[in-house]
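Remarks on the overall topology
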Amino acid sequence: MQRPEEAPTGLRGEAGSGFRRAAMFGGVMVLAFGVAAAPLPMSGRPGQPRLTVAGVAEDPCQQQRALPVPAGQSGQFEPDTSVLRTAAGPYLAARLSSSPNQSACAAVAEQADREWLRAGIVPGNTAAWRSMASRALLDLRLDVRPNGAVVAGWRSGWDYDWPRDSSWVAVALAQTGHPAMAHRILRFLQRMQPANGIWAARYLPDGSGPVLDGRPAELDADGWVPWAVWSWAATQPLAPGSQARRELAQLWPMVVRAADAAAGSLTQDGLPGPAMDYWENSVQVTLGTVAPLLAGLRAAADLAADIGGTAAARDGHRWAAAAARLATGVTASFGRTGYQRVPRAGSGADAAVTFLGPPFAEPGPQVLRAARSAQQALTVPNGGLVPGGAWTGTPGVAWSAETAFFALFDASTGQRDQAAALLDWLAAHRTNLGSLPEQVNSAGQPASTAPLSWTDAVTLLALLAQSGHMPAIPLPP
């Protein structure tokens, strides 16, 4: 959501929608040591958002300690590392700024970062795309905390774990060759999942529980998490008796609770009841909830075959039936009005229409037409996209995650030229440190905070799809 001074509603932070600000706990403050950003002048038109955090660096003397870098801080990352060089030397935590061992620390940290990158895949067909992918991967490496929590953004109000974002990050890391880190994220989500299977909107990164700020649970995580487990499993050799097989069995109870909650949410018309989705500004039945639930039910049904056994087979059949009911309901209600935000004519386009295409589903002609129409309608003059036609944020401000949604959809549906144009736009609108920001203001400047873990993840998947390397969930038989 945006902060109150930036827009009335949004996707990060505390928006002007009546939410109470949550107290900050010690674990989060430790992660954000010494990073208060100096106030910057507003740029662009009045009311336009400004950039407060331009990237995240690694403290070389305490590897994996994240140091958010305020906008305006000069410096440059050592190539393929998260070690930031400034005029005064490596960027360090304040109390270690005079450490005599900083050069030795930096050398060790740089080698570790490069080895981690080399262990996986850095997608991208151009130098700019590979540069963007490298920074996104290194940023995600710092966003994922040792306990598996994913910090959505390194700015107060953004420095929490959203199950939605975490799921996408787990998929991006698994698909780029970092399955152990992806599994760590999934285990954190499993520890946070309540008995009813429905995650809270967000969690404290220290794992102490949900953020109690008045937001209701967001049902879409019960679709995103099973998809994340399915995507992680797709990269693993699930031979009987293998470690990957044991790890999948360990995650399976979480998938069962999530898929049961998704199936149990369906009402008489085949759609779930009202819930808050990724816009986080209202509680209703939206495309942003129904599409991920459909993907999650299909993913869980497919995983049941990998688990094996009578109970899993029975669950898989039940979830496949629920997915069929939901798919019919989506077509009958949302399809009737051109897949707008809610099943009501005039509710406007929603970037979530992309969730009805690959890698989640094979889109029919009507969905393809709706996505093309939405992409045109949601593009703002600076070249990026907004979340929806009814979006009430600051005019002219593009959102990077939504722009990347369409890059992923276009790449996955063979529209490579359109995908390339969006990927070029994302690469051209990074911060001076190379990180992808949450927003780009009407003047074309990075805004809000960078990096945003969700944008990093979606962009990496779009780059993989552009190269033809993104698995899609199969339809249940």
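Residues numbered from 1 in each chain as written. Predicted model: local features only at pLDDT ≥ 70, side-chain atom pairs only at ≥ 80, totals over all residues. Heavy atoms only, no water.

**Quick notes on the overall build of the protein**
Note the following rule: The numbering of helices and of strands both runs from the N terminus, where a helix is a DSSP run of H or I of at least 4 residues and a strand a run of E of at least 2. A simple rule labels every residue: compare its accessible area, found with a 1.4 Å probe on the protein chains alone, to the largest value its type can have, and call it buried under 20%, exposed over 50%, or partly exposed in between. Shrake-Rupley sampling with a 1.4 Å probe provides the accessible areas, and residues are treated as covered by the protein chains on show and by no other component.
Across its full length, the protein holds 13 helices and ten strands. The 477 residues of the protein split such that 63% are buried. Just so you have it, the protein exposes about 16400 Å², and 56% of that area is on carbon and sulfur atoms.

**A short note on the packing of aromatic side chains**
Heads up, the rule is: Pairing of aromatic side chains here covers Phe, Tyr and the six-membered ring of Trp, requires ring centres within 6.5 Å, and sorts the geometry by plane angle: under 30 degrees stacked, over 60 edge-to-face, intermediate tilted. We call a charge positioned above a ring when the Lys NZ or Arg CZ atom is no farther than 6 Å from the ring centre and deviates by at most 35 degrees from the ring normal.
Scanning the model with the defined rule gives 20 aromatic pairs in all. An angle of 70° between the planes, with centres 5.0 Å apart, marks the rings of F355 and F405 as edge-to-face. Placement of F355 in the loop between helix 9 (310-333) and helix 10 (365-378) and of F405 in helix 11 (residues 400-412) is noted, with a sequence separation of 50 residues between them. Put simply, the rings of W168, W224, W227, Y278, F355, F360, F405 and W454 touch in pairs and so form one group of aromatic residues. For R135, the ring lying beneath its charged end belongs to F77, and the centroid distance is 3.9 Å. Between the NZ or CZ atom of R341 and the centre of the ring of W279, over which it lies, the distance is 3.6 Å.

**With respect to the confidence of the model for the protein**
Basically, it comes down to this: Confidence of the predictor in every single residue is expressed as pLDDT, which spans 0 to 100. When checking whether two residues touch, look at their non-hydrogen atoms; a contact exists if any pair is within 4.5 Å.
Here the protein shows a mean pLDDT of 89. Residues at 70 or above account for 89%. Low pLDDT (under 50) marks residues 1-9, which in the prediction has 51 contacts with non-local residues, meaning those over four places away or in another chain.

**Here we look at the sheet that holds strand 3 (residues 76-77)**
Put simply, the test is: At least two bridges found by DSSP between two strands are what make those strands a pair.
Spatial strand order, 3-4-5: three strands in an open sheet with antiparallel pairing. Edge positions in the sheet fall to strand 3 and strand 5 (89-90), since each of these pairs with one other strand and no more. Here strand 4 (residues 84-86) pairs with strand 5 via two bridges, running antiparallel. Among the inter-strand pairings, T86 is bridged to a residue of strand 5, identified as G89.

**Concerning the nonpolar core**
Counted only if it meets this: Buried Ala, Val, Leu, Ile, Met, Phe, Trp, Tyr and Cys residues form a nonpolar core when they are joined through side-chain atoms within 4.5 Å.
Counting 127 residues, the largest nonpolar core has W168 and L173 as the members making the most contacts within it. At twelve residues, the largest contribution of residues to this core is made by helix 8 (residues 287-307). When sequence neighbours within four positions are dropped, the list of residues in contact with L173 reads W116, L137, L140, V144, H178, P179, M181, A182 and I185. Core analysis: the next-biggest nonpolar cluster, separate from the first, contains ten residues, A57, A71, F77 and L433 among them.

**Digging into the environment of A109**
Note on placement: A109 falls in helix 2 (residues 102-118). Overall, the relative accessible area of 0% leaves A109 in the buried class. Between the C-alpha atoms of A109 and Q63, which are 46 residues apart in sequence, the distance is 6.4 Å.

**Description of helix 13 (residues 453-466)**
Selection rule: Expected span of a helix: the number of residues minus one, times 1.5 Å.
Between the first and last C-alpha of helix 13 there are 20 Å, a value that for 14 residues agrees with the 20 Å anticipated at 1.5 Å per step. With 14 of its 14 residues buried, helix 13 lies for the most part within the structure. Just downstream of helix 13, G468 is the residue with a positive phi angle, here 80°.

**Some points on the pattern of salt bridges**
Note the threshold: Whenever Lys or Arg places a side-chain nitrogen within 4 Å of a carboxyl oxygen from Asp or Glu, that contact is recorded as a salt bridge.
Under the counting rule described, the total for this entry stands at 14 salt bridges. For the salt bridge of R215 with D213, the shortest nitrogen-to-oxygen distance reads 2.5 Å. Assigned by exposure class, R215 and D213 land together as buried. With a shortest N-O distance of 2.9 Å, R341 and D277 are connected by a salt bridge. With R341 in the loop between helix 9 and helix 10 and D277 in the loop between strand 6 (275-276) and strand 7 (283-284), this residue pair connects regions lying 64 residues apart in the sequence. Residue classification places D277 among the buried positions, given a relative accessible area of 1%.

**Observations concerning the pairing of strand 2 (residues 66-70)**
Within strand 2, five of the five residues are buried, which leaves the element mostly enclosed by the surrounding structure. Side-chain alternation along strand 2 places A66, P68 and P70 on one buried face and L67 and V69 on a second face that is also buried. Of the pairings in the sheet, the one linking strand 1 (residues 51-58) to strand 2 comprises five bridges and is antiparallel in character. Looking at the pairing, V56 lines up with P68 of strand 2.

**Quick look at the sheet that holds strand 9 (residues 439-440)**
Strand order in this open sheet of five strands is 2-1-10-9-8, and the pairing throughout is mixed. Edge positions in the sheet fall to strand 2 and strand 8 (398-399), since each of these pairs with one other strand and no more.

**Describing unusual backbone geometry**
Residue P358 is joined to P359 through a cis peptide bond whose omega torsion reads 10°. Within the secondary structure, P359 sits in the loop between helix 9 and helix 10. Between A450 and the following residue, P451, the backbone shows a cis peptide bond with an omega angle of 0°. Along the chain, P451 turns up in the loop between strand 10 (446-449) and helix 13. At Y339, a residue that is not glycine, the phi angle is positive and equals roughly 55°. Locating Y339 in the fold gives a position in the loop between helix 9 and helix 10.

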